[in-house]
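Coordinate inspection notes
Each chain is listed here by its residues.
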Amino acid sequence: MPQQKDIVKIAIQMPGAYPQLIQLDQKKPLSAVIKEVCDGWNLPGPDNYALQYADGVQMYITESNRLDIKNGSILRLTKAPGRCADDLHKGIQSSDGGVRCDSLKELASISRDVTFAQEFINLDGHNLLVQIVEDSKENNQIMTHTLTGFMELMDHGIVSWENLSAVFIKKIAGFVNAKSTEESMQQVSLDILENMVLSSRKLFFQVKQEVTMERLIAHLQVANQQIQTKAMALLMALLQTAEDSDRQDMFAFLNKKNLRQYIYKNIILSSSPVQDEMAHYLYVLQSVTLNHLEARMKTPLDCYSQDQREALHDLRQAAFETESENSLSNERRRSLCAKEFKKLGFSNNSNPGQDLVRTPPGLLALDTMHYFATRYPDAYSRFVLENSSREDKHECPFARSSIQLTLILCEILRIGDTRDAGGEGADHQDAGQQAHLPGALQEQSERSELQRDPEAAADGAAAPGGDARSARPRAEGAAEARAAGADPPAAPPPPVPGNHVQEDQQPPQAGQTVVLPLVAQSQDAPLRRRGGRRGEPGHRNAAGEDSSGRYQRFADGEGLSSHEGEQRQADQGGPGSGVQHHLRRGGVQPELHRPLQDRLLLVDRRTERPPGEGHEQRIHAQRAGDPSVHGD
């Protein structure tokens, strides 16, 4: 008598027959169970039958997976996998096109089962599919079923990808490159090529040679999300498998073709939401692109490198109109260079390369500055000259600020860190807009009109050993707003009139302001600086300390002052909110926020002093003419 835990109550179906409700004994051999079921329907030859799940993934029941059967499961009696494989193998070779199409369609569906796949491969069925592709004599529908069945068979790992012929690879690549290929064929062809690239270095070179990058970029611009996803998957496989030199060439080509623009326009801003698989590949693209900069970040400047020295002098020549230096003496030329490098903001103006020896950011800081100077020469020269042409003490700390900003970006973007491949938390807009780290310095030029305190920026940028995260800027979303066609976020609102300046802080002199933030504070808690000049509450000093303690959360939206935000909360009845709560926390006298007529003091006209105790009585006595009464 079998134990109750070994008994599973199930139903078994067969087309044209009443279902059987049986108690499946898991200890009994599966062949004996099938024989009993066949006997119940008077079917001869039980060896030609097998059990299969009727719902969901219709997998065959074998001795290895039979324990997964639960109470209430519905199975069906069907052809054994060996018999089914033999029938489909014959049907694929039929001279009747309809039979071939039906056989290949069924093959594409049933090949997901590893039991059947093993039987079909044992009949050399996968090579039969390869032959169909290489001959390319079938119509698009049959070819689609053939490619789908082949992909499902290869996905089990029974046959190695390296056994494929060069002719087959060319055919698959031709389906991807051809503009007239049906979408279903292109989708499965892209999937096959991705698996080839990931399986072998040899196949990587073959696929890279056959598939054009222009065509992959074109696939990203179509409306079919599945083709977009498969094209992005193949592109990521190529980037991840390539060596550093090949990857560098591929990035150069993609940048030249402006890949970011197509991603942002056709994927991120698409009318359909970004699917999880595409989000994963965007995350991979972001990681691969940023980590590609790790080598430059960890490489210090070599003073003996001619290219690096020329890049430094390009910064100087792009900012200042230099006369013919050939006519100058060596001493005069060195003096002129040192003066101009000082105006550029280098700490070591006689040998500016020493500022770039520290790693990180190493040569990556030079790349960002050179990118800015060469790609946006007008904005670069205007930014430098506007801040350095007044007098020597107002030289622009462009170099020191750029080096420090590059270091901050390396920390924010985690360049060089090993990233999770799961794609959790992928920033799709970063993938579309921050693939170029040097482009972040463009923010610097667009806000140059608001910057009037270069010495404060130099102190903050050159603070040794300071926490880079404490110096992170505030302007969040400027790149996203510009890419979407909107203006960058406006400058913070002016401080509330009447704010008291603390005794240990001095207000800025005329003509000075603060270097406003240039990089989004993307990883910290949503605590943002209210903004202001040095000496005002809410400003951090060069050491990154908030001496006034007036950091606070923005109220309900960008651009609200703290007073307006908390007043909105007070209007909505929020607990612990309102103007008085804001003033007490910020250290501002409540009287300064009362209406003017409520703040006027009654002043004794005779003494010009504020009224004291008994003032009203003395006023009446004076008006009555009593000379003995004096003022307060």
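Residues numbered from 1 in each chain as written. Predicted model: local features only at pLDDT ≥ 70, side-chain atom pairs only at ≥ 80, totals over all residues. Heavy atoms only, no water.

Remarks on unusual backbone geometry
Quick note on the threshold: Starting at the N terminus, helices and strands are each numbered in turn, a helix being any DSSP run of H or I of at least four residues and a strand any DSSP run of E of at least two. Burial classes: relative accessible area under 20% of the type maximum marks a residue as buried, over 50% as exposed, and values in between as partly exposed (1.4 Å probe, protein chains only).
For the peptide bond that leads from T359 to P360, omega is -20 degrees, which places it in the cis range. With respect to the helices and strands, the residue P360 is situated in the loop between helix 17 (330-344) and helix 18 (363-375). Residue P360 is joined to P361 through a cis peptide bond whose omega torsion reads 10 degrees. Its location among the elements puts P361 in the loop between helix 17 and helix 18. At S136, a position not held by glycine, the phi torsion is positive, near 55 degrees. Along the polypeptide, S136 turns up in the loop between helix 5 (125-135) and helix 6 (140-154). Phi is positive for R414, close to 55 degrees, though the residue is something other than glycine. Its place among the elements puts R414 in the loop between helix 20 (398-412) and helix 21 (428-433). For R414, a relative accessible area of 45% puts it in the partly exposed group.

Points about the nonpolar core
Formally: Remark: nonpolar core denotes a set of buried residues (Ala, Val, Leu, Ile, Met, Phe, Trp, Tyr, Cys) joined through side-chain atoms within 4.5 Å. By definition in these notes, contact holds between two residues if any of their heavy atoms fall within 4.5 Å.
Core analysis: the largest hydrophobic core is formed by 76 residues, its most contacted members being M196 and M232. With 10 residues, helix 11 (residues 225-241) is the single largest residue contributor to this core. When sequence neighbours within four positions are dropped, the list of residues in contact with M232 reads L220, I263, I267, M278, Y281 and L282. One finds L301, L344, L356 and I403 within the second-largest nonpolar core, a separate group that totals 24 residues.

Observations regarding the confidence of the model for the protein
Put simply, the rule is: A score from 0 to 100, pLDDT tells how confident the predictor is in each residue.
Summing up the model confidence of the protein, the mean pLDDT is 74 and the portion of residues at 70 or higher is 63%. Across residues 420-426, where pLDDT falls below 50, the model places eight contacts with residues more than four positions away in sequence or in other chains. The low-confidence segment residues 431-436, where pLDDT is below 50, has 20 contacts with residues more than four positions distant or belonging to other chains.

What about the sheet that holds strand 2 (residues 20-25)?
Selection rule: Here, strands pair whenever DSSP counts at least two bridges between them. Only C-alpha atoms enter the line fits that serve as axes; for helices the fit covers just the stretch in contact. Angles between N-to-C directions range over 0 to 180 degrees.
Overall, mixed pairing links the four strands, which are arranged 2-1-4-3 in an open sheet. Strand pairing shows two members of the sheet lacking a second neighbour, strand 2 and strand 3 (49-53), which therefore form its edges. Taken pair by pair, the neighbouring strands of this sheet meet at an average axis angle of 40 degrees, ignoring direction. In this structure, strand 1 (residues 7-13) lies alongside strand 4 (residues 74-79), joined through three bridges in parallel fashion. When the sheet's bridge partners are listed, A11 is paired in strand 4 with I74. Against the sheet, helix 1 (residues 30-40) engages strand 1, strand 2, strand 3 and strand 4, with an angle of about 95 degrees to strand 3.

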